[in-house]
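# Inside the fold
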Amino acid sequence: MKKLFAFLLACMMLLPTVAAFAEDGEDTDNTVVSTSVYTPVKPSNELTVTHTMTLTEEGASELPYNITYTFGVTDTADVMLPTGLVDKELAVTGKPVIGNVVFGPADTFTDGIKTKTLEIDWSGVSIKEPGVYRWKVTKGVVNTSTTDEPTNKKEETYLYVYATDNAGTLVISGVYLTTDAANSEASQKGNFGDEYPAKTIDLTISKNVSGNYASKDQYFMFSLSLTAPSGAAEKTYTIEGVQQNVPATAYHQAKTNVTSIKLEGGKTETVTLWMKHGQMAKISDLLFGTGYSVTEAQEESAGYEVTATVTGDEATNSGATVTDNSLEKSTTVAYTNTKEATVPTGIDLQTGAPIMGLLMAASMLLMLFIGKRKEAAE
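Here goes a summary of the coordinates provided. (Residues numbered from 1 in each chain as written. Predicted model: local features only at pLDDT ≥ 70, side-chain atom pairs only at ≥ 80, totals over all residues. Heavy atoms only, no water.)

## Things to note about the overall build of the protein
A count of helical and extended segments in the protein gives 2 helices and 26 strands. Within the protein, the fraction of its 378 residues that count as buried is 33%. Expressed as a percentage of contacts within the protein between residues at least 6 apart in sequence, the contacts between residues at least 24 apart total 74%. When the accessible surface of the protein is totalled, it reaches about 22000 Å², and 54% of it is carbon and sulfur. (Helix = DSSP H or I, 4+ residues; strand = E, 2+ residues; numbered from the N terminus. Buried < 20%, exposed > 50% of the residue type's maximum accessible area, 1.4 Å probe, protein only. Contact = heavy atoms within 4.5 Å. Areas by Shrake-Rupley, 256 points an atom, 1.4 Å probe, with all protein chains shown as cover.)

Below is the structure:
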């Protein structure tokens, strides 16, 4: 009995030791505990990233307006160094976020280039071990005012971060943006770029007359309104093709043409133009999205049939008035005024009097001829 009591007492004394051993050895989720001595770091302002839009043709001034670029970044980093990691998340977590970039009509060119600075948010990134980490960046283009796309829209880009040990302290020693997956071409680091074919938009209004009573000396009056896209910088446009001083004619006194128009974002400006047969008014290098409305004055075109033919961008056309709220390609509005009338011949064939007179004269001649034949027969 004494032996059994001693055995039980010994077992009770060993229970705490067994429990502690079981607790220390428990590893139900197989989690690897980090033994890193480094304080985690994240990139901050080590890299200034820019995005440029470049004209690929000389002599033109504008690109499509309101182009928005979006950037996506892979959720996890590729660990280029060190190799052989058991758990990558113990070395790096999170991803950088790149904000959208919008190019609008107010952005001006310098030597054919528009440039924006990108904002990169590194707040969600935590680097805990020395190494080289790479995120893949994809670029999208949305909200364009044209069907044109940049030449390198689908180009892949990479963000590289270099973290190194500096006397026992973890530091960020380099951040690079490059289209080179191996990060070997320093000349491509630090910017995105897109190339577009340069374009201009021209608006032309032409005047022609036709018909046997149409005057090729008569000037006709037009009202032209232009509206610049919202946000467009102030710019003065020359109205080509019209003469400043319009001479007096049988139809009106001398007139003065406006030969320039100043436009500013979201505002509408209206000018009056006088043109005769064979003349035209042309405004060049308008911004994409410029709106226009042109009307030929009825008082000047009285007696004419007025038609307008639009070539280029689609427009609302009522004959005397043509309107387009957003120009996307060069356009010509050709006005034709026609005046036709029947010229009198001197014989009014619209009444019966001349015809009756002719019939009576013919009858008298016939009766005289018959009488002469009877006298000759007797």
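## Some points on the pattern of salt bridges
For the structure on display, the rule yields 8 salt bridges. The closest approach of N and O atoms between Lys 282 and Asp 202, which form a salt bridge, is 4.0 Å. On the criterion of sequence distance, the pair formed by Lys 282 in strand β21 (residues 280-286) and Asp 202 in strand β14 (residues 201-210) is long-range, its members being 80 residues apart. Look at Lys 282 and you get partly exposed, because its relative accessible area is 25%. Salt-bridge contacts for Glu 296 lead to Lys 207; the nearest nitrogen and oxygen are separated by 3.1 Å. Highlighted residues: Glu 296 in strand β22 (residues 291-296) and Lys 207 in strand β14, separated in sequence by 89 residues. By relative accessible area, which is 1% here, Glu 296 ends up buried. (Salt bridge = Lys/Arg side-chain N within 4 Å of Asp/Glu carboxyl O.)

## A few points about the pairing of strand β10 (residues 131-142)
Summarising burial for β10: 9 of the 12 residues are buried, a large majority. With 3 bridges joining them, strand β3 (residues 78-81) and β10 adopt antiparallel strand pairing. Bridge assignment links Val 79 to a residue of β10, and that residue is Tyr 133. Both β10 and strand β11 (residues 157-166) contribute to a ladder of 7 bridges, which runs antiparallel. Paired with Tyr 133 across the two strands is Val 161, which belongs to β11. (Pairing = 2+ DSSP bridges.)

## What about the sheet that holds β22?
Read from one edge to the other, the open sheet built from 5 strands follows the order β20-β15-β22-β25-β24, with strand pairing classed as antiparallel. The open sheet terminates on both sides in strands that have one partner only, identified here as β20 (268-275) and β24 (316-317). Bridging between strand β15 (residues 220-227) and β20 involves 8 bridges; their strand directions are antiparallel. What sits directly across from Met 221, in β20, is Trp 274.

## Quick word on the sheet that holds strand β19 (residues 260-263)
Taken together, 6 strands build an open sheet; the order of strands is β19-β16-β21-β14-β26-β23 and the sheet is mixed. In the strand order of this sheet, the two ends are held by β19 and β23 (305-311), each with one partner. With direction set aside, neighbouring strand axes in the sheet form an average angle of 20°. (Axes fitted to C-alpha atoms, helices over the stretch in contact; angles between N-to-C directions.)

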